[in-house]
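Chain by chain, the residues:
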Amino acid sequence: LEGRGTVGGMSSSLFYSYSAGPAHFIHLASYAPFGDGSEQKEWLRGELKSIDKTATPWVFAVVHAPWYNSNKAHQGEVEELQMRQSMEGMLCRGGVDVMFAGHVHAYERIGPAFNGTLREGGL
């Protein structure tokens, strides 16, 4: 893996990044601290600054708990709401093109969204 975060000063596989062809992938940990001052958020800040969009014009972020979904049983979960509030703006400003999430065991896709609102025509 190209870039690994650290947790407690130790290299961690909880959040990491790598490039494959013209794409850069950032994997974030929904169940590790992600708020202000957390190692994950500080790692993400540096990771986003280090991306060379000429070498990897596509940037993908991957999380476990989806920030947007229509499954009422999974809406409003702490990991969804708090992580979105903590990191969504940084990811958007950092040039992330697409996010992928798991957790809800059903296929679902939406258009561009930010701060709880679908954005017709992009961000």
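What counts and what doesn't
Residues numbered from 1 in each chain as written. Predicted model: local features only at pLDDT ≥ 70, side-chain atom pairs only at ≥ 80, totals over all residues. Heavy atoms only, no water. Salt bridge = Lys/Arg side-chain N within 4 Å of Asp/Glu carboxyl O. Helix = DSSP H or I, 4+ residues; strand = E, 2+ residues; numbered from the N terminus. Buried < 20%, exposed > 50% of the residue type's maximum accessible area, 1.4 Å probe, protein only. Expected span 1.5 Å × (residues − 1). Arc of directions from axis to C-beta.

### Digging into the pattern of salt bridges
Inference 1: If you walk through the whole model with that rule in mind, you get 4 salt bridges.
Inference 2: A salt bridge links Asp97 to Lys53; its shortest N-O distance comes to 3.1 Å. Remark: Lys53 occurs in the loop between α1 (39–50) and β4 (58–63) and Asp97 occurs in the loop between α2 (78–93) and β5 (98–101); sequence separation between them is 44 residues.
Inference 3: Judged by relative accessible area, which is 38%, Asp97 ranks as partly exposed.
Inference 4: For the salt bridge of Arg84 with Glu88, the shortest nitrogen-to-oxygen distance reads 3.9 Å. Pair noted here: Arg84 and Glu88 are both in helix α2, with a separation of 4 residues, about one helical turn.
Inference 5: Note on Arg84: relative accessible area 13%, which makes it buried.
Inference 6: Note on Glu88: relative accessible area 8%, which makes it buried.

### Focus on α1
Inference 1: Given a rise of 1.5 Å per residue, 12 residues ought to cover 16 Å, and the 17 Å separating the end C-alpha atoms of α1 matches this to within 8%.
Inference 2: For α1, every residue scored as buried is listed here: Gln40, Lys41, Trp43, Leu44, Glu47 and Leu48. Take α1 and look down its axis: the buried residues cluster within an arc of 155°, on one side only. Among the exposed residues of α1, those pointing more than 90 degrees away from its buried face are Lys49 and Ser50.

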